[in-house]
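# Structural description and commentary
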Amino acid sequence: MKKIGIIGSTGYIGRQTLDVVERNKDYFELIFISCHKNIELIKKQKTVHNPKYIVATGIKKNYRDNNLYFGWDSIKSIIESQHLDLLVVAASGIDCIYTILYALENKINIATANKETIVLAGNIIMELANINNINIIPIDSEHSGVFQCLQGNKKEHIRDIIITASGGPFLDKKRDELKDITLKDALKHPVWPMGNSITIDSATMMNKALELIELHYLFNMPADQLSTIIHPQAIIHSFVNFIDGSTIAQLSVPDMRIPITYALTYPNRIVADYTLLDLANVGNLTFIKPNYKRFPLLAKVKDIIKSSFNSYTVALLTANELAVNAFLNEKIPFLAIEYIIEKTLDTIKPLKLKSIDDILSFRNYIKIKINNKIEEYNK
Ligand code: NDP
Ligand code: MG
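Right, let's walk through the structure included here. Position labels on residues start from 1 in each chain and follow its written sequence. Each chain gets a letter, beginning with A, and each ligand a number, beginning with 1, in the order they are written. Per-residue local features of the predicted model are confined to residues with pLDDT of at least 70, and side-chain atom pairs are confined, for both listing and counting, to 80 or more; whole-chain, interface and lining totals are unaffected and use all residues. Think of the side-chain values as coming from all heavy atoms in the structure, minus any hydrogens and water.

Here we come to the overall build of the chain. The helix and strand labels rest on DSSP assignments: H or I over at least four residues marks a helix, E over at least two residues marks a strand, and numbering proceeds from the N terminus. The helix and strand tally for the chain stands at 15 helices and eleven strands. Our radius of gyration looks at C-alpha atoms and nothing else; its globule reference is 2.2 Å times the residue count to the power 0.38. Taking 379 residues into account, the globule formula puts the C-alpha radius of gyration at 21 Å, and the chain, at 20 Å, falls close to it. If one aligns the C-alpha atoms of the chain with their principal axes, the spans along those axes are about 55 × 50 × 40 Å. Buried means the residue's accessible area, taken with a 1.4 Å probe over protein chains only, is under 20% of the maximum for its type, while exposed means over 50%, and partly exposed covers the values in between. Residues classed as buried in the chain amount to 55% of the 379 residues present. Partitioning the intrachain contacts of the chain with sequence separation of at least 6 by distance along the chain shows that 70% fall at a separation of at least 24. Per-residue and other accessible areas follow the Shrake-Rupley method at a 1.4 Å probe size, with only the shown protein chains counted as cover for residues. When the accessible area of the chain is evaluated, it comes to approximately 17600 Å², of which 49% is carbon and sulfur surface. For the charge count, each Lys or Arg is scored as positive and each Asp or Glu as negative, with His and the chain ends excluded. Note that the charge is assigned to NZ on lysines, CZ on arginines, CG on aspartates and CD on glutamates. For the chain, the separation between the mean place of its 44 positive charges and that of its 40 negative charges on side chains is 3 Å. Contact criterion: two residues are considered in contact whenever any of their non-hydrogen atoms come within 4.5 Å of each other.

Take a look at the structure:
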């Protein structure tokens, strides 16, 4: 039995992960699950999935409830005492960063969907994982695809890596038409059902920009060997081109439980009864080059990666987070997200931030500037 713990079991990825665990009860022992504040749901999940512990990381210890543990320290104690085989990071945001580092220091393998921590501190996470000889197994479909394509292959044999993008809901719209996009329009994703923030990131293509940064850190590849291609059917998740002219791609129906299952069972595979890919039924797989004029940040992200100054990646992530939040609260229009990010990047100095504390204090410092830009936008 593989002993696993899930941070963020109440979110979309967390619920999908619980579904995978539930279907394979003989394979996994569920040690703990955690939410941020959604106590009602985590209690329901405890009744259905029967983990040993449930934790609410976003609630202070003085809240009284004998069946529940509180705060990140509780997760650290559980990790230490229960000898986990795998920590699944399904939480959103960056608050889980210290717990990820703690797990790595304790030589616990990690399967992660969390985009923010890899973009923010991929250099530190990967360095610690390498020192401790720990696997960071990606859950995000594109990165899982690359991880799968690379099994049995050598890094020096990679020519380049391509991840696909469904193109989001506005694939057929001209740049001019993006001006009048409403919140409701932007929240409709054509292929993947996802949370609100990531659906907006998909519509602006910032999701792909962030995924390229993740790709760079997770697979230690330079920006010139990374790219993205629009593939509206979202059947192929990634391609790896090798130096001998061969290309290996990873395909599946768009169902996050498939990469989650791989991440949870790696290096094994288990029988699963999800909808199987039926290519004859899909008919056509189509591909389009991304339009960098329409999505200028997608081009800029490569320069950011090339520069190797992580002040830019931290700024890109933070400006996007705050701008998307302002759009979701209907404070700024759709195209202002991109404008705020660009204006923020213009003010950032090239810095190499080497520790988590440096990264987080820089992030707090620029948050004030970004919030001012958001305020100014509507004046
Ligand atoms: P959701 O918003 O659906 O869920 C977020 C989860 O994280 C919930 O369990 C929530 O708890 C918890 N959480 C929220 N804030 C915090 C916090 N400050 N500290 C700890 N836990 C917190 O997000 P998704 O499941 O969509 O995404 C999770 C991560 O996976 C993100 O990083 C996202 O970018 C990435 N991802 C998502 C994909 C998708 O298809 N949705 C695909 C690939 C990657 P509570 O319920 O108590 O608020
Ligand atoms: Mg993805």
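Right, picking up where we left off after that structure.
This part takes up unusual backbone geometry. Pro267 follows Tyr266 through a cis peptide bond whose omega is 5 degrees. Structurally, Pro267 can be placed in the loop between α10 (257–265) and α11 (279–282). Phi is positive for Ala234, which is not a glycine, with a value near 50 degrees. Checked against the element boundaries, Ala234 lands in the loop between β9 (226–230) and β10 (236–242). Residue class for Ala234 comes out buried when judged on its relative accessible area of 5%. Backbone geometry at Ser308 places phi at a positive 60 degrees, although glycine is not the residue there. Inspection of the secondary structure puts Ser308 in the loop between α12 (296–307) and α13 (310–328). For Ser308, a relative accessible area of 43% corresponds to the partly exposed category.

Moving on, we get to the sheet that holds β10. Only when DSSP finds a minimum of two bridges between them are two strands counted as paired. Ordered by their spatial adjacency, four strands build an open sheet running β9-β8-β10-β11, and the pairing between neighbours is mixed. A single partner strand is all that each edge strand has here, and the edge strands are β9 and β11 (247–251). Going across the sheet, the axis of each strand differs from the next one's by a mean of 20 degrees, ignoring polarity. When strand β8 (residues 158–165) meets β9, the two strands line up parallel, connected through five bridges. Bridged to Thr164 within β9 is Ile229. Only the stretch in contact is used when a helix axis is fitted, and all axes are lines through C-alpha atoms; the angle between N-to-C directions ranges over 0 to 180 degrees.

Among the residues making up helix α14 (residues 334–346), those that are buried are Phe334, Leu335, Ala336, Ile337, Glu338, Ile340, Ile341, Thr344 and Leu345. Buried residues along α14 sit in contact with α7 (183–186), α8 (196–204), α9 (206–219), α12, α13 and α15 (356–377).

Here Ser81 shows up in helix α3 (residues 71–82). Relative accessible area serves as the criterion here: at 44%, Ser81 is assigned to the partly exposed category.

With that settled, consider helix α6 (residues 141–149). Judged by how many residues are buried, α6 sits mostly within the fold: nine of nine residues are covered. Taken together, the buried positions of α6 are occupied by Ser141, Glu142, His143, Ser144, Gly145, Val146, Phe147, Gln148 and Cys149. Summarising the contacts, the buried residues of α6 are in contact with β7 (136–138), β8, α9, β10, β11 and α10.

The patch calculation keeps residues exceeding 30% relative accessible area without a salt bridge and links them within 9 Å when they carry like charges or within 5 Å when they are nonpolar (Val, Leu, Ile, Met, Phe, Trp, Tyr). A pairing counts as a salt bridge when a side-chain nitrogen of Lys or Arg comes within 4 Å of a carboxyl oxygen of Asp or Glu. A grouping of Leu251, Leu277, Leu279 and Val282 is seen on the molecular surface, where their side chains present a nonpolar patch of about 270 Å² in accessible area. Note that Val282 resides in helix α11.

Take the pattern of salt bridges next. Applying the stated rule across the entire model yields 14 salt bridges. Salt-bridge contacts for Arg257 lead to Asp19; the nearest nitrogen and oxygen are separated by 3.1 Å. Of this pair, Arg257 sits in helix α10 while Asp19 sits in helix α1 (residues 12–23), and the two are 238 residues apart along the sequence. A relative accessible area of 15% means that Arg257 is categorised as buried.

Our next topic: the state of the cysteines. Disulfides are defined in this document as cysteine sulfur pairs within 2.5 Å. In total, this model carries zero disulfides according to the counting rule given. The thiol of Cys35 is not disulfide-bonded; the next cysteine sulfur, from Cys96, is found 14 Å away. Given the relative accessible area of 1%, Cys96 is considered buried.

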